[in-house]
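# Breakdown of the fold
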There are 4 protein chains.
Amino acid sequence: MSFNTFGHIFRVTTWGESHGPALGATVDGCPPGVPVTEEALQHWLDLRKPGQNKFTTQRREPDAVEILSGVFEGHSTGHPIQLMIRNTDQRSKDYGDIAEKFRPGHADITYWQKYGIRDYRGGGRSSARETAARVAAGGVARAALAKLVPDLRITGYMVQMGPHGIDRARFNWDEIDRNPFWSPDARAAADWAEYLDSLRKSGDSVGAVIEVTARGVPAGLGAPVYGKLDTDLAAAMMSINAVKGVEIGEGMAAAALTGSANADEITIGPDGPAYGTNHAGGILGGISTGQDVVVRFAVKPTSSILTPRKTITKSGEQTEIVTKGRHDPCVGIRAVPVAEAMAACVILDHVLWHRGHVGENQGRIG
Amino acid sequence: MSFNTFGHIFRVTTWGESHGPALGATVDGCPPGVPVTEEALQHWLDLRKPGQNKFTTQRREPDAVEILSGVFEGHSTGHPIQLMIRNTDQRSKDYGDIAEKFRPGHADITYWQKYGIRDYRGGGRSSARETAARVAAGGVARAALAKLVPDLRITGYMVQMGPHGIDRARFNWDEIDRNPFWSPDARAAADWAEYLDSLRKSGDSVGAVIEVTARGVPAGLGAPVYGKLDTDLAAAMMSINAVKGVEIGEGMAAAALTGSANADEITIGPDGPAYGTNHAGGILGGISTGQDVVVRFAVKPTSSILTPRKTITKSGEQTEIVTKGRHDPCVGIRAVPVAEAMAACVILDHVLWHRGHVGENQGRIG
Amino acid sequence: MSFNTFGHIFRVTTWGESHGPALGATVDGCPPGVPVTEEALQHWLDLRKPGQNKFTTQRREPDAVEILSGVFEGHSTGHPIQLMIRNTDQRSKDYGDIAEKFRPGHADITYWQKYGIRDYRGGGRSSARETAARVAAGGVARAALAKLVPDLRITGYMVQMGPHGIDRARFNWDEIDRNPFWSPDARAAADWAEYLDSLRKSGDSVGAVIEVTARGVPAGLGAPVYGKLDTDLAAAMMSINAVKGVEIGEGMAAAALTGSANADEITIGPDGPAYGTNHAGGILGGISTGQDVVVRFAVKPTSSILTPRKTITKSGEQTEIVTKGRHDPCVGIRAVPVAEAMAACVILDHVLWHRGHVGENQGRIG
Amino acid sequence: MSFNTFGHIFRVTTWGESHGPALGATVDGCPPGVPVTEEALQHWLDLRKPGQNKFTTQRREPDAVEILSGVFEGHSTGHPIQLMIRNTDQRSKDYGDIAEKFRPGHADITYWQKYGIRDYRGGGRSSARETAARVAAGGVARAALAKLVPDLRITGYMVQMGPHGIDRARFNWDEIDRNPFWSPDARAAADWAEYLDSLRKSGDSVGAVIEVTARGVPAGLGAPVYGKLDTDLAAAMMSINAVKGVEIGEGMAAAALTGSANADEITIGPDGPAYGTNHAGGILGGISTGQDVVVRFAVKPTSSILTPRKTITKSGEQTEIVTKGRHDPCVGIRAVPVAEAMAACVILDHVLWHRGHVGENQGRIG
């Protein structure tokens, strides 16, 4: 990973700012012969699109993706796939106040210090709009995975909003698409709607925890010791805006367990090794076990809020700031499709990397 | 990061297995003219060395580092620095039982599946012995940082063992070196000693949470959006053996906060911006703010325990395993110097990368 | 370098095919604060533009470059600069015959074998149209170099067409822009015009040798032993379509020299070391000496010719081919601005890399 | 490629100086299960070893390679293979004069300017001793290729010494191993012996041209447009000490040809496409055609000669230099095994890269 590129063989470079003419992703390393269409990519972008309900920013962007290269007669050619999304709703007058003031908790100040650039129209490169490009690239990754690992299913969902978590006993895969929060727990979704509505009205915001589960990941993916599958997943999730923590399987809670409690016992099943539990989150020594790969991350609350906060100006004067504009009260919601896309990119990358380095898994059991 | 190399400009490649003749690190990209001596590197290795007290593995390794290249008359030349550590205590008879059986929670099985290699002498490349090479490389990074960022201090410590956390009110920087657990809380250290002793006697193990704080990090380090400082720190920590979660600043707890509670208000201080709180862990938008950089991670309990666990053999037969041998009841303890070393490598890498890409910070405040 | 990206810190990824909707370059790693405008980039593209005289392809493309990201108020932001060039004249009917037949000497056949893609509309990704993106990226590199190394001048020119070389005694820097061949020798240019005209009429094509000289390159650039300045220049030039050989300084002729003849004697001048000759082409041990950096390469003749050649079809049948269409009789002509652009990218990359790794040159003379 | 690493998937990092304790190569990305032994690697090192006849340096080094990691029970594990070669004959008194003076044509001066390091004992990192590490790494690459592409044969040989070329009509593969110059032309070898002997006695040196042919390269290797097979071969060869020019197939001479003369006509043979000629050197559009891959490069004469040359000292004084010591009158001789090793590394890298990205060739003919 470097600057604006991630991936080893499947390499995604995103580009573009929140208020420029366009943004997109240069996707290099997709195998040839993968069916890729604008319609298929649009499906994933539509899931992330802002303004779909009252819980996300009211900025209206069609987020229509154009394929400019790398696809011929509906299939990838093996060459860079350029995905472009025009910005259309660049209304920037709401941001006027932030041209001179820094928003506490926002990248305004560090971007200014490092680059000497203050894009008064909005977040510029630090804006979460950049994640639209990730979702588009993730669509390409999913298409390649559909061909190479047909049984793979990657699903993201929210497991906590503010202090309110889901009840795992009510976990229902089918519920995830039925509520605006991608909650697998219908009752939690109802509670969150009420909670978020009141927060939104008060001009405040809140954090969330997102989980992504990849089912059907073959055993053997991951390249220790610095290209481990969990290392790359952690980097991918941590690179998403506002993420402050990443967990694999048991995550931070693993610290509190004893070895006897944490060990996922192994039995022999009809298709090879089977595991009684999945504390490991499907990864041992940085390599997938064949169990579900489970990654989880925390998104902090949006820093753009109506509550006045102390801050300073570019010229070093003490002041206060209130951020109006069209912001998400819980950015975690829209992080769900982004996280799915990142997981798809990482897994495809490791499928290709493994195929190059090792070919096929070398060790048989039984 | 790829395979066994991490870093962008300061690039560290580790090599070696637990029971081979030697292990080490090939360190490329160190600036010329940095004072580097075996003595200085040995200091850091001695801190990590096993067998120093009853709470770590009784394997006895001098872990003596030899500099084979890249240093001339006590200073780095700008060329690769080869650091070699001979393995001496390769007693492997204790491991006999694991030649055929897989240890639950251990990388045995995934290494076998992927590579078709079963090093019956021990963990091979997946062993935590690999981290000795990281500590040696970290020593080089510290030497370069001492020249380039003299005020920087990187300190790791344990904040939780099993379910028992420290009391932040008793946090004392000076205490960290005084107890075998790198605890900043003397009372917690005493409690942990008792707790761990009883665990060790029962043949069980336990997890831990480690925190690393870097004080004196200049503002401006980090290369969004995929070379963010927090992204690289997360990847670095997640690549350490047995790590299951990584947090920056508030970490997973950020999910439960509102925007108004989470915002680190900014005031103007004598040396520029000052912050009332540090929920952000010193990083905004992937770039350092000048505050303390705080990263934290969970280490799972060692999977090598005396409690019998269900497992299978290479030939696919159901069996049980008990792992004898010289294992750490809490591997988190020895992860502390490793984490410091990783943090040093990442920060130096970003100092050099920033210097190349941006030169000096471009934006002034005030 | 990997797939479609080159460069270490200044990283250019080109994308796009000859007959797709657009092509371009994703330029990452440009320092912030560099003046970048579409007008300035267009200047360089216009120099490469086809259809400007009878000696280049009659395909008419405005090659108008659009900056889609990474520039704010006329200056680079430090983030990816997306440069897009729309394809407009995609007349493809002339290519009809090549949908089934492979052109001898052309990448048709290897692209088909590797990727299973036969873009019957034209060369696809293998077309020299891709080099328009390089020229645009080179314009960004030049802008950054103008700020960082103001005295640098990078000039490309043709020194041989077919068997006819220039006379170095008539070398005139000012002549280069005055003839359609970028020849520094006016008489050679006149001869070439006549020669090429007759070739063009006979439907044949011819090769050429191009030289690029960079004057004002500071001493110290280059990162031995695999990131040497000459290594990176060689790779950059060899990556251009139809290039079959690359030389630094004396080049292949160095083989015939004795050590006493080849040594560039060193004297002490007013500004430090001075050299009597420049057999080395400004590079010793992979590092610039401060002399002119001289790189030279051979371009083979276009494979698209009117002379009938034996070939086969996709279905494996023996046949003959004659390539009609709008092709350059000497592609070397349009390679000149491309080579300048590549040299600019490589030199900027090494300026930034050196600044990051070493800071400033460490050794003084005198 | 960056700093001291080359390759994309098969990644080789060399380390070590001419007068340090050791040098070697860290080889990462070798597939698991490849037979690798010290004996097999030693075979290749012995071919390069100095002091074997009067035409190479009289420095006596056993160049004994030790495998420190990455091999278990005679097979690669998929983890880094550390190859170490101890320096034993570090006699440095002969070099005394060069501690203060710079040798014209040598990297002394640029290393000093860039790094501020003057290793008075010898060439340090710029010494051709570094190439021993390449040969060792190449031995690993050959072992992997023997498994993956059994019919591949990579052969290097000298085709020109000073102004004296071989006669292609006398080319004999079997002759190459029978003379000290790796000449495929026995008569040329005899002439060179006489010529070089007289040069050596006069204290002068001379350049050479080396060619490497890889027979049995499968079609489809190479990753356009910046990871082309010829691009990577050119970079690999140009990175070898003293190389000033690189050619593929027809090379620089391609400039003088017409398109009708240069086109390699295609016919259909029993195993697919067949080519009447091989001007292309087995590569079209950066991808192998299945023909012999032919790369050629020029090595300049050694700069360490007995003829006095003007130079300066570190303190900037004008002086003269005569380089005594044990130097090769024609370093090209020992470059032959190095070039073979580099070619092996590049081809293996592309075999693995192709396998990862594309899997198998996608397009069939016939």
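Bear in mind the structure is a predicted one, so any value in this text is a computation, not a measurement. Every residue gets a number counted from 1 within its own chain, in the order that chain's sequence is written. Chain A is the first chain written and ligand 1 is the first ligand written, with later ones labelled in order. Restriction of local features to residues with pLDDT of at least 70 applies here, the model being predicted, together with a cutoff of 80 or more for giving and counting side-chain atom pairs; totals for whole chains, interfaces and linings are based on all residues. Side-chain metrics rest on all non-hydrogen atoms present in the structure, leaving aside hydrogens and water.

## Observations concerning the UniProt feature "binding site: NADP(+)" (unreviewed entry) in chain A
All names here are of chain A.
- UniProt positions are given in the numbering used here, feature names are shortened, and annotations may be inferred rather than shown by experiment. UniProt tags Arg48 and Lys54 as "binding site: NADP(+)" (unreviewed entry).
- Secondary structure elements follow DSSP: runs of H or I of four or more residues count as helices, runs of E of two or more count as strands, with numbering from the N terminus. Within the secondary structure layout, arginine 48 lies in helix H1 (residues 38-48).
- Note on contacts: a residue pair is in contact if any heavy atoms of the two residues lie within 4.5 Å. For arginine 48, the contacting residues outside a window of four places in its chain are Asp63, Ala128, Arg129, Thr131, Ala132, Val135, Arg334, Pro337 and Val338.
- Looking at where lysine 54 falls in the secondary structure, it is placed in the loop between H1 and strand S4 (65-67).
- The classification of residues rests on relative accessible area computed with a 1.4 Å probe and restricted to protein chains. Under 20% of the type maximum is buried, over 50% is exposed, and intermediate values are partly exposed. Judged by its relative accessible area of 44%, lysine 54 is partly exposed.

## Considerations on the relation of the copies chain B and chain D
- Superposition of the copies was done by least squares, using only C-alpha atoms of residues whose pLDDT is at least 70 in both. With an RMSD of 0.0 Å, the fit of chain B onto chain D corresponds to turning through 180° and sliding 0.0 Å along the axis. In short, the pair behaves as if placed about a two-fold rotation axis. When C-alpha positions in chain B are compared against the rotation axis, the closest is assigned to Thr26(B), at 3.7 Å.
- Same-surface contact between copies: 100% of interface residues of chain B are shared with the interface of chain D.

## Focus on the environment of Val12(D)
- Among the secondary structure elements, Val12(D) is positioned in strand S2 (residues 11-16).
- The class for Val12(D) is buried, based on a relative accessible area of 1%.
- Note: C-alpha distance between Val12(D) and Glu66(D) (54 residues apart in sequence) is 16 Å.
- Apart from the residues lying within four places of it in its own chain, the contact partners of Val12(D) are Tyr226(C), Asn4(D), Thr5(D), Phe6(D), Ala25(D), Thr26(D), Ala137(D) and Cys345(D).

## Brief notes about the relation of the copies chain B and chain A
- The two copies are related by a screw operation: chain B maps onto chain A through 180° of rotation and 0.0 Å of translation along the axis, at an RMSD of 0.0 Å.
- Comparing interface residues between copies, 100% of those in chain B also lie at the interface in chain A; the contact surface is shared.

## Let's talk about the sheet that holds strand S4 (residues 65-69) of chain C
Residues and elements named next belong to chain C.
- Taken together, the five strands give an open sheet; going across it, the order is S1-S2-S3-S7-S4, and neighbouring strands pair in antiparallel fashion. Where the open sheet ends on each side, the last strands, each with one partner, are strand S1 (5-6) and S4.
- Should DSSP find at least two bridges between two strands, the strands are taken to pair. Alignment of S1 against strand S2 (residues 11-16), held across two bridges, turns out to be antiparallel. Following the sheet pairing, threonine 5 is matched in S2 by threonine 13.

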